[in-house]
Amino acid sequence: GNFIGFSIMQIYEIPVEHMFELMLGICLLNTLCIAVQFAVARETTLAKDPDAPKRSVCSPMLQVVEAVRSSPCLLYHLAAVQCLVWIGNTAWGIYGGQWFADSVYAGDENAPEGSPEKIAYGDGINAFSKGGQMKAGLQLLSALVIIWLLLRTTVRPRLVYAPCIFIGSFVSAC
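Residues numbered from 1 in each chain as written. Predicted model: local features only at pLDDT ≥ 70, side-chain atom pairs only at ≥ 80, totals over all residues. Heavy atoms only, no water.

1. What about the nonpolar core?
Among the nonpolar cores identified, the biggest contains 7 residues, and these are Phe6, Met9, Ile14, Ala101, Tyr121, Ile125 and Phe128. At 3 residues, helix α5 (residues 116-152) tops the list of elements feeding residues into this core. (Core = buried A, V, L, I, M, F, W, Y, C linked by side-chain atoms within 4.5 Å. Buried < 20%, exposed > 50% of the residue type's maximum accessible area, 1.4 Å probe, protein only. Helix = DSSP H or I, 4+ residues; strand = E, 2+ residues; numbered from the N terminus.)

See the structure below:
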């Protein structure tokens, strides 16, 4: 998905000027994926156990609350880390391309058509999206390596994930 997102940015030289077309394409792609899922998936109907005690309407909500309350602290820590990671990914994705094209390539989205600033902006967005594609490939590769490590060795998961988080934050800061 990440790779496709950065690839979509390369359809137009200045993607911001074609936001409606891009969003329409993304919605159509999502609709197509959902249609394929509906065509392929078969739902197994769950049958209620006739001997089970009668449950109230609020029972499913109470079960969720109980499951959250009885969760280990590590799960809360993991949820907080994931929340912060996704906030960072979202901010980076939204503002990273704009900053890259403006600051690194000295481009200007609002410059007149054909001007050096407008061309530089398009080049910056193109370079940013190619970098994003490479990042997506590296993320896939690192995920496969992590899965392999966890399946083939006795290394504890936190000893695999913690260095990844620290290395990622160090690389982001540099």
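Picking up where we left off.
2. Regarding the environment of Leu150
Checked against the element boundaries, Leu150 lands in helix α5. By relative accessible area, which is 27% here, Leu150 ends up partly exposed. Here the alpha-carbon distance between Leu150 and Thr90, two residues 60 residues apart in the chain, equals 28 Å. Excluding its chain neighbours within four sequence positions, the residues that come into contact with Leu150 are Val155, Pro157, Val160 and Tyr161. (Contact = heavy atoms within 4.5 Å.)

3. Here we look at the pattern of salt bridges
Counted under the stated rule, the structure contains 2 salt bridges. The partner of Lys118 in a salt bridge is Glu17, with the nearest N and O atoms 2.3 Å apart. On the criterion of sequence distance, the pair formed by Lys118 in helix α5 and Glu17 in the loop between α1 (2-8) and α2 (19-40) is long-range, its members being 101 residues apart. In this structure Lys118 comes out as buried when scored by relative accessible area, which is 6%. Here Arg69 and Glu66 are joined by a salt bridge, their closest N and O atoms 3.0 Å apart. Of this pair, Arg69 and Glu66 both sit in helix α3 (residues 59-69), separated by 3 residues, roughly a single helical turn. (Salt bridge = Lys/Arg side-chain N within 4 Å of Asp/Glu carboxyl O.)

4. Observations concerning a nonpolar patch on the surface
On the surface, a nonpolar cluster with roughly 550 Å² of combined accessible area is contributed by Phe3, Ile4, Leu29, Leu32, Val36 and Val40. Those elements that provide at least two residues to the nonpolar patch are α1 and α2. Among the elements that make up the nonpolar patch, the one with the highest residue count is α2 (4 residues). Topologically, Phe3 is positioned in helix α1. For Phe3, a relative accessible area of 45% corresponds to the partly exposed category. (Patch = residues over 30% accessible without salt bridge, like charges linked within 9 Å, V, L, I, M, F, W, Y side chains within 5 Å. Areas by Shrake-Rupley, 256 points an atom, 1.4 Å probe, with all protein chains shown as cover.)

5. Some points on the packing of aromatic side chains
If you walk through the whole model with that rule in mind, you get 4 aromatic pairs. Taking the centre distance of 6.1 Å and the plane angle of 45 degrees together, the rings of Phe100 and Phe128 count as tilted. Of this pair, Phe100 sits in helix α4 (residues 73-104) while Phe128 sits in helix α5, and the two are 28 residues apart along the sequence. When its relative accessible area of 23% is taken as the criterion, Phe100 is described as partly exposed. Given the relative accessible area of 7%, Phe128 is considered buried. Three or more aromatic residues link up through ring pairs in this structure, and these residues are Phe6, Trp99, Phe100, Tyr105 and Phe128. (Phe/Tyr/Trp six-rings, centres within 6.5 Å; stacked < 30°, edge-to-face > 60°.)

6. What about the environment of Glu109?
In this structure, Glu109 sits in the loop between α4 and α5. Sequence spacing of Glu109 and Ala120 is 11 residues, and the spatial spacing of their C-alpha atoms is 9.1 Å. In this view, Glu109 contacts Val16, Glu17, Gln98, Asp102, Lys118 and Tyr121; residues no more than four positions away in its chain are not counted. In this structure the side chain of Glu109 is engaged in a polar contact, spanning 3.5 Å, whose partner is the side chain of Gln98. (Polar contact = N/O pair within 3.5 Å; in protein donor to acceptor, adjacent residues only side chain to side chain.)

7. Observations regarding unusual backbone geometry
The phi angle at Ala106 is positive, at roughly 55 degrees, despite the residue not being glycine. In this fold, Ala106 is placed in the loop between α4 and α5.

8. Section: the packing of α4 against α5
Where α4 contacts α5, the axes come no closer than 7 Å and their chain directions differ by 135 degrees. Judged on the interaxial angle alone, α5 and α4 are oblique. Like other packed secondary-structure pairs, α4 and α5 cross with a definite hand, here right-handed. Contacts between α4 and α5 involve Trp92, Gly96, Gly97, Gln98, Phe100, Ala101 and Asp102 from the former and Tyr121, Gly124, Ile125, Ala127, Phe128 and Lys135 from the latter. Class assignment for the residues of the contact of α4 with α5 results in 7 nonpolar, 4 polar and 2 charged. (Axes fitted to C-alpha atoms, helices over the stretch in contact; angles between N-to-C directions. Parallel < 35°, antiparallel > 145°, perpendicular 65-115°, else oblique. Left-handed = near helix turned anticlockwise from the far one by under 90°. Nonpolar A, V, L, I, M, F, W, Y, C, P; charged D, E, K, R; others polar.)

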